[in-house]
Amino acid sequence: MWEFLNGRAALSYTPRMRIYEYQGRDLLASYGVPVPAGQMIESIEAAAGAFKMVTAGQASPLAVVKAQVHAGGRGKAGFVKLVKTAAEAEAAARFMLSNRMKSPQTPPEGLEVKRLLIAQAVDIAARPGGGAEEFYLAVTTDRGTRRNILIASREGGVDIEQVAHDRPEAIAKVPLHPIAGLQPFQARDTAYRLGFAGKHAGQAADIMLKLARLFVEKDCTLAEINPLVITAGTGGAPGPVMAIDAKFSFDENAIFRHKDIAGMDDPGEQNPLERRAAKFGLNYIALDGSIGCLVNGAGLAMATMDVIKLHGGEPANFLDVGGGATEEAVTEAFSIILSDRAVKGVMVNIFGGIMKCDIIAQGIVNAATKFKNPDGSTGFKVPLVVRLEGTNVEAGRKLLEGARGSLPTLQAATDLTDAAKKVCAAVA
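Residues numbered from 1 in each chain as written. Predicted model: local features only at pLDDT ≥ 70, side-chain atom pairs only at ≥ 80, totals over all residues. Heavy atoms only, no water.

Asks: So what about the side chain of Thr409? Which residues, and what values?
Replies: Mapping Thr409 onto the fold places it in the loop between helix H12 (393-402) and strand E21 (410-413). Among the polar contacts listed, one links the side chain of Thr409 to the backbone oxygen of Val382, at a separation of 3.0 Å. When residues no more than four places from it in sequence are discounted, the contact partners of Thr409 are Phe380, Lys381, Val382, Pro383 and Leu384. (Helix = DSSP H or I, 4+ residues; strand = E, 2+ residues; numbered from the N terminus. Polar contact = N/O pair within 3.5 Å; in protein donor to acceptor, adjacent residues only side chain to side chain. Contact = heavy atoms within 4.5 Å.)

So this is what it looks like as structure tokens:
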């Protein structure tokens, strides 16, 4: 998954779970962060009732209907709509639940929308000099400094990645103490730097402290509010600071400690291949290239992808089979990789440690020989380049050489560079 930090995108391999916006709002509310009233619905028929519930008591009813999917770009795609009547809410629900949402952050075919959030619309105060009082606030982990960090900006309600790229000075980054966490003085200082004043500075600082505490206590990998706003209020006086959007992801390695969070998971929103890989203990992330990668170890996988790109190729995936690299795992890994029709060749890069190279090589040969193609035939049809190193490497290489008769697409490589050159040439 791509995660933003330090003005660039960094690929992180910590297994993570995401939740929907409506769940994130509920989580914020449970920590005392003010959020607008809202209700999640799953049918067109429920829209009118939800609209009436969230706008009860308003002189001029106004609500927002938002598609609940794990992707951004909803507004530009037409899947966030302001509505003034129950009929408009029902029409918006009919559109969103009957169409797939497509944005730069979704697959080309788009995402099916199964849930909607109907929430009370918030009138945002105007900023002196123009614009709205919208801010960005998040807590995540800075892998460079190996510390949790608060990220804040006056440029809320927009793509923070673009802001960081164009105006890095607009992003405030505050490291959290490893034990004490975010300190009150840091929160107040950040609030003033963002332009909050008076009671709003105190409210914003309080929200920062609560968000930082939530991040740690719930083992989050990202806790984000975008935007955090100053509401317009009534009688000309600005209203309170409020969170009107929320995004959370959690470290799956720690989910066992949080049954409440685990219950929020929706497996249907996960990439089917990633979900399938997880069942076999494989770490798989789909990419956009044509060379499938099967590697044991995350660091080795990163190096493999780098070397492939260095020699003119494009990796089609990140796939770490782990230290065991059993025949069953390798077989399933091949199946997952070749489920991507864009894959024109596969590179296997294995370092044998406790699991010896000859055992790994035999597993690779068996898996590749028995592999079933969509047309019913068996055996690999795409180029397969294998590089082995480590314990019993010579025995492993002899096994690969002896398998050339049953696997004509198999090529053994002497080192990582040789493997990258061979697979890139094979798919060119």
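Asks: Go over the pattern of salt bridges, please, and point to the residues and values.
Replies: One pass over the structure, following the stated rule, counts 21 salt bridges. Of the charged contacts in the structure, one is a salt bridge between Asp245 and Arg74, with a shortest N-O distance of 3.4 Å. Taken together, the residues Asp245 in the loop between strand E14 (241-243) and strand E15 (246-251) and Arg74 in the loop between strand E5 (63-67) and strand E6 (80-83) connect sequence positions 171 residues apart. What makes Arg74 buried here is its relative accessible area of 12%. Measuring nitrogen to oxygen at the nearest pair gives 3.4 Å for the salt bridge that ties Glu394 to Arg397. Within this pair, Glu394 and its partner Arg397 are both found in helix H12, separated by three residues, close to a single helical turn. Judged by relative accessible area, Arg397 falls into the partly exposed class, the value being 23%. Within the structure, one salt-bridge network assembled from shared partners comprises Glu21, Arg25, Lys66, Arg74 and Asp245. (Salt bridge = Lys/Arg side-chain N within 4 Å of Asp/Glu carboxyl O. Buried < 20%, exposed > 50% of the residue type's maximum accessible area, 1.4 Å probe, protein only.)

Asks: Give me helix H2 (residues 47-54): which residues, what numbers.
Replies: Buried residues of H2: Ala47, Ala48, Ala50, Phe51 and Val54, and no others. One side of H2 carries all its buried residues, which in axial view fall inside an arc of 165°. In this structure, the buried residues of H2 make contact with strand E4 (38-41), E5, E6, helix H3 (86-98) and strand E9 (116-120). (Arc of directions from axis to C-beta.)

Asks: Tell me about the sheet that holds E5, residues and numbers included.
Replies: In space, the four strands of this open sheet follow the order E4-E9-E5-E6, with antiparallel pairing throughout. The strands lining the two open edges of the sheet, one partner per strand, are E4 and E6. If you compare each strand with its neighbour and ignore which way they point, the axes differ by 20° on average. Note that E5 and E6 share four bridges and pair antiparallel. Looking at the pairing, Ala63 lines up with Val83 of E6. Across the face of the sheet, helix H1 (residues 21-30) comes into contact with E4, E5 and E9 while running at roughly 45° to E9. Seen against the sheet, H2 touches E4, E5, E6 and E9 and runs at an angle of roughly 170° to E4. (Pairing = 2+ DSSP bridges. Axes fitted to C-alpha atoms, helices over the stretch in contact; angles between N-to-C directions.)

Asks: Any chance you could break down the side chain of Asp245 for me, citing the residues and the numbers?
Replies: For Asp245, a relative accessible area of 17% corresponds to the buried category. A distance of 3.4 Å separates polar atoms of two side chains, one belonging to Asp245 and the other to Arg74. In this structure Asp245 touches Glu21, Lys66, Arg74, Glu224, Ile225, Asn226 and Pro227, once residues within four positions along its chain are discounted.

Asks: Could you give me a rundown of the packing of helix H5 (residues 184-194) against helix H6 (residues 198-217), with the residues and numbers involved?
Replies: Their axes nearest at 8 Å, the elements H5 and H6 cross at an angle of 130°. Viewed along their axes, H5 and H6 adopt a mutual orientation that is oblique. The chirality of how H5 crosses H6 is right-handed. Two secondary-structure elements touch here, H5 through Pro184, Ala187, Arg188, Thr190, Ala191, Tyr192 and Leu194 and H6 through Ala201, Ala204, Ala205, Met208 and Leu209. Looking at the contact of H5 with H6 residue by residue, the classes come out as ten nonpolar, one polar and one charged. (Parallel < 35°, antiparallel > 145°, perpendicular 65-115°, else oblique. Left-handed = near helix turned anticlockwise from the far one by under 90°. Nonpolar A, V, L, I, M, F, W, Y, C, P; charged D, E, K, R; others polar.)

Nothing here speaks to function; it is geometry throughout.
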